[in-house]
Amino acid sequence: MAGMTSSARPFLNRRLAEFGTTIFAEMSALAMSTGSINLGQGFPDTDGPEEIREAAVRALRDGRGNQYPPGPGVPELRTAIASHQKRHYGLSYDPDTEVLVTAGATEAIAASLLALLEPGDEVIALEPYYDSYAASIAMAGGTRVPVTLRPDEGDDGDGHRRFRLDLDELRDAVTGRTRLLLINTPHNPTGTVLTRAELTEIARIAVERDLLVVTDEVYEHLVFDDAEHVPLASLPGMRERTVTIGSAGKTFSFTGWKVGWVTAPPALVGAVRSAKQFLTYVASGPFQYAVAEALALPDAYFEDFRADMLRKRNVLAAGLAEAGFKVFRSAGTYFITTDIRPLGESDGFAFCRALPERAGVVAIPNAVFYDHREQGAPFVRFAFCKRDEVLHEAAGRLLRLTS
């Protein structure tokens, strides 16, 4: 064909050859084409606080952030991030040397892994894991080593089924080539919140084996029931070896603003910044000023936000159970993982691709988050960060599966 290269070499870098279009794009397109309710991609269908949206408008009108902001982020936001970590967790960070603003948590993850990994380094991640983890490890030339969270067969006596981390398996996965642990809690997609005891053991392993830790804590303010969010950096020996990632999108329901951040000691922040500056360089200028105000909202905001999402979780969990799914009621995030085998199904991909026609609802097959695809085959994820009427309508539609 005219204009095409004659080289037989594929255009796509071989490190990314296994990654095609994301499942989120595929399923969101399917939702659009079928008019289905999209409970697949994790974004709210309402905006966050009006006063924070107005803060962004104010910044635009005042000319703050309309040109390139400082590389590390605007001082107001870096100070607000440091204050947030101190206020909620007692963690002290210097806003000038230990805080870096990023284009969302996705860039923070990519920049951290590109900065801290050499080709051949092993990265232990909790499987199932958010799809950008695998791609970022691959781009850095690292080798991912999954440690699988496995579902309880029963429940804890409170009717809640959960996914569990096998700490012995985690310890056994560490080799002489292991560079870092990539931890996500609250955990997407399972909704698991690692306990203080589990995190203490993870910290012990990291210290004993002298490992770096990158911890994705973007759902830190979405923990339910008796769950507690414990930042890994707050545990003994961890502050100096941990890169903590946060995000405004999940806490304030402005996912399109793409404001994330890293907190870590100066040497780690400096390394991540070296990689980050060649990705977006800077981003989200006016929104950074608005997020600075958001982080200073009173405790009542965070409490009400959590209570609202807990109610939504309960609405969808009840609807899914009534429709015949086995439900793993999430202790955190805004996702619910379900088992489709009680419906006579076992292939999550086939189930999710057929679900829009069968019930007018879109979900995500968890198998896309696994290296061991067979481990995730029967599990499907639904997002409950939607308006109540949307969740009730979706629950009603899903009853078609039992008719």
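Data block above holds the structure.
It should be emphasised that the depicted structure is a prediction, and the values quoted were computed from it without experimental measurement. (Residues numbered from 1 in each chain as written. Predicted model: local features only at pLDDT ≥ 70, side-chain atom pairs only at ≥ 80, totals over all residues. Heavy atoms only, no water.)

Draft legend 1. Main features of the layout of surface pockets. Volume-wise, the largest pocket comes out at about 960 Å³. In terms of lining, the largest pocket is formed by 44 residues, of which the most central are Thr-22, Phe-24, Tyr-130, Asp-131 and Ser-132. At the level of secondary structure, the elements contributing two or more residues to the lining of the largest pocket comprise α1 (23–34), α4 (104–116), α5 (131–139), α8 (248–252) and α12 (348–359). Of the residues in the lining of the largest pocket, the class split is 20 nonpolar, 13 polar and 11 charged. When residues of the lining of the largest pocket are assigned to domains, at least three fall in each of domain 1 (14–42 + 300–401) and domain 2 (50–295). There is about 280 Å³ of room inside the second largest pocket. Forming the walls of the second largest pocket are 22 residues, and the residues nearest its centre are Arg-162, Val-193, Thr-195, Ala-227 and Ala-331. Here the lining of the second largest pocket is built from residues that sort into 8 nonpolar, 5 polar and 9 charged. (1 Å grid on protein atoms, 1.4 Å probe; cavity = no way out; pocket = protein on both sides within 12 Å on 5 of 7 lines; lining within 4 Å. Points joined across faces, edges and corners; volume = space filled by probe spheres on them. Helix = DSSP H or I, 4+ residues; strand = E, 2+ residues; numbered from the N terminus. Nonpolar A, V, L, I, M, F, W, Y, C, P; charged D, E, K, R; others polar. Domains from an automatic or database assignment.)

Draft legend 2. Spatial organisation of the side chain of Glu-127. Along the polypeptide, Glu-127 turns up in strand β3 (residues 122–127). Although buried, Glu-127 forms no salt bridge, and the nearest oppositely charged side chain, Arg-150, lies 6.4 Å from it. Here Thr-148 takes part through its side chain, which lies 2.5 Å from a polar atom of the side chain of Glu-127. The contacts of Glu-127, once residues within four sequence positions are left out, are Pro-146, Val-147, Thr-148, Leu-149, Phe-369, Tyr-370, Asp-371 and His-372. (Buried < 20%, exposed > 50% of the residue type's maximum accessible area, 1.4 Å probe, protein only. Lys, Arg positive; Asp, Glu negative; His and termini not counted. Salt bridge = Lys/Arg side-chain N within 4 Å of Asp/Glu carboxyl O. Polar contact = N/O pair within 3.5 Å; in protein donor to acceptor, adjacent residues only side chain to side chain. Contact = heavy atoms within 4.5 Å.)

Draft legend 3. Layout of the pairing of strand β8 (residues 212–216). Summarising burial for β8: 5 of the 5 residues are buried, a large majority. Along β8, one buried face is formed by Leu-212, Val-214 and Asp-216 and the opposite face, lined by Val-213 and Thr-215, is buried too. Across 5 bridges, the pairing between strand β7 (residues 178–184) and β8 is parallel. Bridged to Leu-182 within β8 is Val-214. Regarding topology, helix α7 (residues 196–208) serves as the crossover connection from β7 to the parallel β8, and that connection is right-handed. Where β8 lies against strand β9 (residues 242–247), 4 bridges are found, and the strand directions are parallel. (Pairing = 2+ DSSP bridges. Right-handed = clockwise from strand over helix to strand, strands pointing away.)

Draft legend 4. Region of interest: the pairing of strand β4 (residues 143–148). Among the 6 residues of β4, 5 are classified as buried, and the element is accordingly described as predominantly covered. By the bridge criterion, 6 bridges tie β3 to β4 in an arrangement that is parallel. Its bridge partner lying in β4, Leu-126 is registered against Val-147. In terms of handedness, the path from β3 via α5 over to β4 forms a crossover that is right-handed.

Draft legend 5. Just the packing of aromatic side chains, in detail. Taken as a whole, this structure holds 20 aromatic pairs when the rule is applied. An angle of 25 degrees between the planes, with centres 5.6 Å apart, marks the rings of Phe-252 and Tyr-301 as stacked. Within this pair, whereas Phe-252 is found in helix α8, its partner Tyr-301 is found in helix α11 (residues 299–322), the two being separated by 49 residues in sequence. Comparing Phe-252 with Tyr-301 shows no difference in burial state: the two are buried. Centre to centre, the rings of Trp-257 and Phe-287 are 4.6 Å apart; their planes meet at 10 degrees, and the pair counts as stacked. Here the residue Trp-257 occupies a position in the loop between α8 and β10 (260–263), and Phe-287 occupies one in helix α10 (residues 285–295), the gap between them amounting to 30 residues. Among the aromatic residues, ring-to-ring pairing joins Phe-24, Tyr-129, Tyr-130, Tyr-133 and Phe-369 into one connected group. Note that Arg-381 overlies the ring of Phe-335, its terminal NZ or CZ placed 3.6 Å from the centroid. A cation sits over an aromatic face here: Lys-386 above Phe-43, 4.0 Å from the ring centre. (Phe/Tyr/Trp six-rings, centres within 6.5 Å; stacked < 30°, edge-to-face > 60°. Lys NZ or Arg CZ within 6 Å of the ring centre and 35° of its normal.)

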